[in-house]
Amino acid sequence: MRITDLLSQDSINLNFTANSKSEAIDNLVDLMMSTGNISDKEEYKKAILAREELSTTGIGEGIAIPHAKVGAVKKATLVAAVSKDGIDYESLDGAPSNLFFMIAAPDGANNTHLDVLSRLSTILMDGKFRESLVNSKDNTEFLKLINTKETEKFGDDTAKEEAPKAEAAKKENKGGYQILAVTACPTGIAHTYMAAEALQNKANELGITCKVETNGSSGIKNALTKEDIANATCIIVAADKNVEMTRFDGKKVIITKVANGIHKATELVTKAAAGDAPVYHSSEAGTSDDSETATSEGLGRQLYKHLMNGVSHMLPFVIGGGLLIAIAFLIDSLLGYTDSLGSNSAAAVWFNSIGGTAFGFMLPVLAGYIAMSIGERPALAVGFVGGALANAGGSGFLGALVAGFAAGYLMVGLKKVLSVLPQSLEGLKPTLLYPLLGICLIGAAITFIINPPVAFVNGWLTDTLLNMGTGSAVFVGILLAAMMAIDMGGPFNKAAYVVGIAALEAGNTNLMAAVMIGGMVPPLAIAICTTFFKNRFTQKERESGIVNYVMGLSFITEGAIPFAASDPAKVIPACVIGSGIAGALAMFFDCTLNAPHGGIFVLPVIGHPLMYFVSLAVGSIVGAIILGFLKKPINK
């Protein structure tokens, strides 16, 4: 299969225009739909936008390669577009994009098409070739240029696997490679191979022997061998997802973003060849000296990633258990019970029992996966036990957080201490020594060091939250609800949601009401604005706005992200103000919420449901009006 098997003359637009990145994506999706190979336009577009949230696919050098691998794709397809004047696609280098390739890859199909797409990414690294494509006179010439370049780069038999090429290269470097590299991006379609090509080309240009392993959607290609690693001076890991790192223990490693593999290839190759990099130590190999690992992440970023690992694993228990508890309350309410909701009728007791059991896993799971993120798999059981002991000892959510981090770093230290044992005892570490010593030590730490002060602080916070005055409650409501709208799924949003869950676990149901309403307002405000301020939006944006009614009412804040991404200076302030007002009103009216999710569908179990709905409506309308005034009418 060749690139031109996926790209036809009808799927090329050599006179492409758009006023923004959002409009460019809409137009490219429409071009993709015209091929007849997409079964669900919204699902495909959603996948494209989700990839853009990870990092822009405007990779610089005038290229943008938006791509998605999703079930809505019937057949692997390419569409191409050329903008002579360039379009602001928020590229990594800040320059306009002239050359666009949108990729649609089917989910779960064989990987032949992914090899083809990787070849496209590779040949686009040639500047003269890109220039010739932009200056193509017609679609026929455009296709011919691609076909000629593919043949020049890969030969006529494009069905050959990369393994023979790797073997041939290996024979030319019998003494081993000077440097090695690993590239990987979240989808593994474009950036993975472009970074690999950039690094390989730069190494060749500088006369440095190099081998690059790609971790793409079609699997690992050109895999590094033990011999390769042993002989190399340094390894470059240009990846935006986890790759196997234990094999590099004791070697000099540079860890960076996949985008840097494309744009900073000279710097990376030069540093690697000079051995200008710290030595990487894998904790699985017995050490974990973070000060000497090649990570460029700061302490704050590392702590945030560990916390989010715990929160992401905790949420299914919280949401599933919380909604079942809410159903139990609803059943008793419909049957006329007013006291001890969830424990009266047999059906309510059943739902409440299951929900309560699921909810009970919340703190052990939170602590366990925070610990695992720090100390890897041996820390999981230690963190679970720490979280359970924190819960039993009265330190609650705060205690579980502390327990998770304590268990993780305890396991890191334990691995260092036990690294001096003979190699013959290596098998005893994960099966006996780590769990025995880890659980015993975290038990002592929680019981005698962590629980006493944290339980006191937790009790004080609980009493404070339960006895807040109206003024304090309104201020907290504004703060939490506004945080939900600031980054719509980012650190601020997650922090506010974690606070709401912690309060819910402590018995305060007001804060969760403010948190949820803060997350519902942004999509609703945008939906209302697209309805009543039509001239501020394109036709495609107005169509997307209708979907935001459903997403907002369902507490899916992410529906607002495409709008915020295309015009953040206007959309985000309007949403933050609207959410803050809604949160303030919800707290003023003493609205409560026992479920951690559900949106409008849990309205029957919300305390003061009518006023909650009023608060939601007021905040959404205010946000919509502000957005309508901030945005200018579109020139037709």
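Residues numbered from 1 in each chain as written. Predicted model: local features only at pLDDT ≥ 70, side-chain atom pairs only at ≥ 80, totals over all residues. Heavy atoms only, no water.

### Some thoughts on the overall build of the protein
And step 1. The secondary structure content of the protein amounts to 23 helices and 11 strands.
And step 2. Across the protein, the fraction of contacts at a sequence separation of at least 24, relative to all contacts at a separation of at least 6, is 72%.
And step 3. Accessible surface, the protein: about 27300 Å² in total, of which carbon and sulfur atoms supply 60%. (Helix = DSSP H or I, 4+ residues; strand = E, 2+ residues; numbered from the N terminus. Contact = heavy atoms within 4.5 Å. Areas by Shrake-Rupley, 256 points an atom, 1.4 Å probe, with all protein chains shown as cover.)

### Section: the nonpolar core
And step 1. Counting residues in hydrophobic clusters, the biggest one holds 54 residues, and the most contacted among them are Met-314, Phe-397 and Tyr-612.
And step 2. Only helix 11 (299-334), helix 13 (362-375), helix 15 (396-418), helix 17 (470-486), helix 18 (491-506), helix 19 (510-532), helix 22 (568-588) and helix 23 (609-630) provide two or more residues apiece to this core.
And step 3. The biggest single contributor to this core is helix 19, with 11 residues.
And step 4. What Phe-397 contacts, discounting residues up to four positions off in sequence, is Met-314, Met-362, Leu-363, Leu-366, Val-498, Ile-501, Ala-502 and Glu-505.
And step 5. Counting 30 residues, the second-largest nonpolar core is a separate cluster that includes Ile-63, Ile-103, Met-194 and Ile-262. (Core = buried A, V, L, I, M, F, W, Y, C linked by side-chain atoms within 4.5 Å. Buried < 20%, exposed > 50% of the residue type's maximum accessible area, 1.4 Å probe, protein only.)

### As for a nonpolar patch on the surface
And step 1. Together, Leu-425, Leu-428, Leu-432, Leu-436, Leu-437 and Leu-441 make up a nonpolar patch on the protein surface, roughly 470 Å² of accessible area in all.
And step 2. Its place among the elements puts Leu-425 in the loop between helix 15 and helix 16 (428-466). (Patch = residues over 30% accessible without salt bridge, like charges linked within 9 Å, V, L, I, M, F, W, Y side chains within 5 Å. Salt bridge = Lys/Arg side-chain N within 4 Å of Asp/Glu carboxyl O.)

### Quick notes on a negative patch on the surface
And step 1. On the surface, Asp-40, Glu-42, Glu-43, Asp-107 and Glu-543 cluster together into a patch of negative charge.
And step 2. In this structure, Asp-40 sits in the loop between helix 1 (21-33) and helix 2 (41-54). (Lys, Arg positive; Asp, Glu negative; His and termini not counted. Charge placed at Lys NZ, Arg CZ, Asp CG, Glu CD.)

### Here we look at the packing of aromatic side chains
And step 1. Summed over all chains, the structure comprises nine aromatic pairs.
And step 2. Their ring planes at 45° and their centres at 5.8 Å tell us that Phe-317 and Phe-361 sit as a pair that is tilted. Residue Phe-317 is found in helix 11, and its partner Phe-361 is found in the loop between helix 12 (346-360) and helix 13; the two are separated by 44 residues along the sequence.
And step 3. Using a relative accessible area of 30% as the deciding quantity, one classes Phe-317 as partly exposed. (Phe/Tyr/Trp six-rings, centres within 6.5 Å; stacked < 30°, edge-to-face > 60°.)

### Topic: the side chain of Ser-22
And step 1. With respect to the helices, strands and loops of the structure, Ser-22 is situated in helix 1.
And step 2. Dropping the residues within four chain positions of it, Ser-22 is found in contact with Glu-541 and Ser-566.

### Considerations on unusual backbone geometry
And step 1. In the Ramachandran plot, Asn-222 falls in the positive-phi region, its phi being about 60° despite a non-glycine side chain.
And step 2. Looking at the secondary structure, you find Asn-222 in the loop between strand 9 (219-221) and helix 8 (226-231).

### Details of helix 20 (residues 539-553)
And step 1. Under the 1.5 Å per step criterion, the end-to-end length of helix 20 is 23 Å for 15 residues, consistent within 8% with the ideal 21 Å.
And step 2. At Val-547, helix 20 shows its largest bend, some 30°.
And step 3. Residues Glu-541, Ser-544, Gly-545, Asn-548, Met-551 and Gly-552 constitute the buried set of helix 20.
And step 4. Of the residues one or two after helix 20, Phe-555 is the one with positive phi, at around 60°. (Expected span 1.5 Å × (residues − 1). Bend = angle between axes of the 7 residues up to and from the residue.)

### So, the sheet that holds strand 7 (residues 179-184)
And step 1. With respect to topology, five strands assemble into an open sheet ordered 9-8-7-10-11, the strand pairing being mixed. Single-partner strands in this sheet number two, and they are strand 9 and strand 11 (253-256). In this sheet, neighbouring strand axes are inclined to one another by 15° on average, regardless of whether the strands run parallel or antiparallel. (Pairing = 2+ DSSP bridges. Axes fitted to C-alpha atoms, helices over the stretch in contact; angles between N-to-C directions.)

### Digging into the environment of Ala-485
And step 1. Counting through the fold element by element, Ala-485 comes out in helix 17.
And step 2. Overall, the relative accessible area of 0% leaves Ala-485 in the buried class.
And step 3. Along the primary structure Ala-485 and Gly-519 are separated by 34 residues, whereas in three dimensions their C-alpha atoms are 6.2 Å apart.
And step 4. Among residues more than four places away in sequence, those in contact with Ala-485 are Gly-518, Pro-522, Ile-572, Cys-575, Val-576 and Ser-579.

### Notes on empty space enclosed by the protein
And step 1. For the structure shown, the criterion picks out two cavities of 30 Å³ or more.
And step 2. Space inside the largest cavity adds up to approximately 50 Å³.
And step 3. The wall of the largest cavity is formed by Asp-26, Asp-30, Lys-41, Glu-42, Lys-45, Lys-540, Glu-543 and Ser-544.
And step 4. At the level of secondary structure, the elements contributing two or more residues to the lining of the largest cavity comprise helix 1, helix 2 and helix 20.
And step 5. Roughly 30 Å³ of volume is contained in the second largest cavity.
And step 6. What lines the second largest cavity is Ile-59, Gly-60, Glu-61, Ile-63, Met-125, Arg-130, Met-194 and Ile-262.
And step 7. Considering only residue class, the lining of the second largest cavity consists of five nonpolar, one polar and two charged. (1 Å grid on protein atoms, 1.4 Å probe; cavity = no way out; pocket = protein on both sides within 12 Å on 5 of 7 lines; lining within 4 Å. Points joined across faces, edges and corners; volume = space filled by probe spheres on them. Nonpolar A, V, L, I, M, F, W, Y, C, P; charged D, E, K, R; others polar.)

### Topic: the packing of helix 19 against helix 23
And step 1. Two elements in contact, helix 19 and helix 23, have axes separated by 8 Å at closest approach and are oriented at 45°. Classified by the angle their axes make, helix 19 and helix 23 are oblique. In this structure, helix 19 meets helix 23 at a crossing whose hand is right-handed. Only Tyr-612, Ser-615, Leu-616, Gly-619, Ser-620, Ile-621, Gly-623, Ala-624, Leu-627 and Gly-628 of helix 23 make contact with helix 19, whose side of the interface consists of Ala-513, Met-516, Ile-517, Met-520, Val-521, Leu-524, Ala-525, Ile-526, Ile-528 and Cys-529.
And step 2. A class-by-class count of the residues in the contact of helix 19 with helix 23 yields 15 nonpolar, five polar and no charged. (Parallel < 35°, antiparallel > 145°, perpendicular 65-115°, else oblique. Left-handed = near helix turned anticlockwise from the far one by under 90°.)

### Brief notes about the pairing of strand 7
And step 1. Burial within strand 7 is extensive, with six of its six residues counted as buried.
And step 2. Both faces of strand 7 are covered, namely the face carrying Ile-179, Ala-181 and Thr-183 and the face carrying Leu-180, Val-182 and Ala-184.
And step 3. Strand direction decides the pairing type here: strand 7 and strand 8 (residues 210-216), joined by five bridges, are parallel. Across the sheet, residue Ala-181 finds its bridge partner in strand 8, namely Val-212.
And step 4. Inspection of the sheet shows strand 7 paired to strand 10 (residues 234-239) by six bridges, in the parallel sense. Its bridge partner being in strand 10, Ile-179 is matched across the sheet by Cys-234.

So, to be careful, I would describe these as geometric facts and stop short of saying anything about function.
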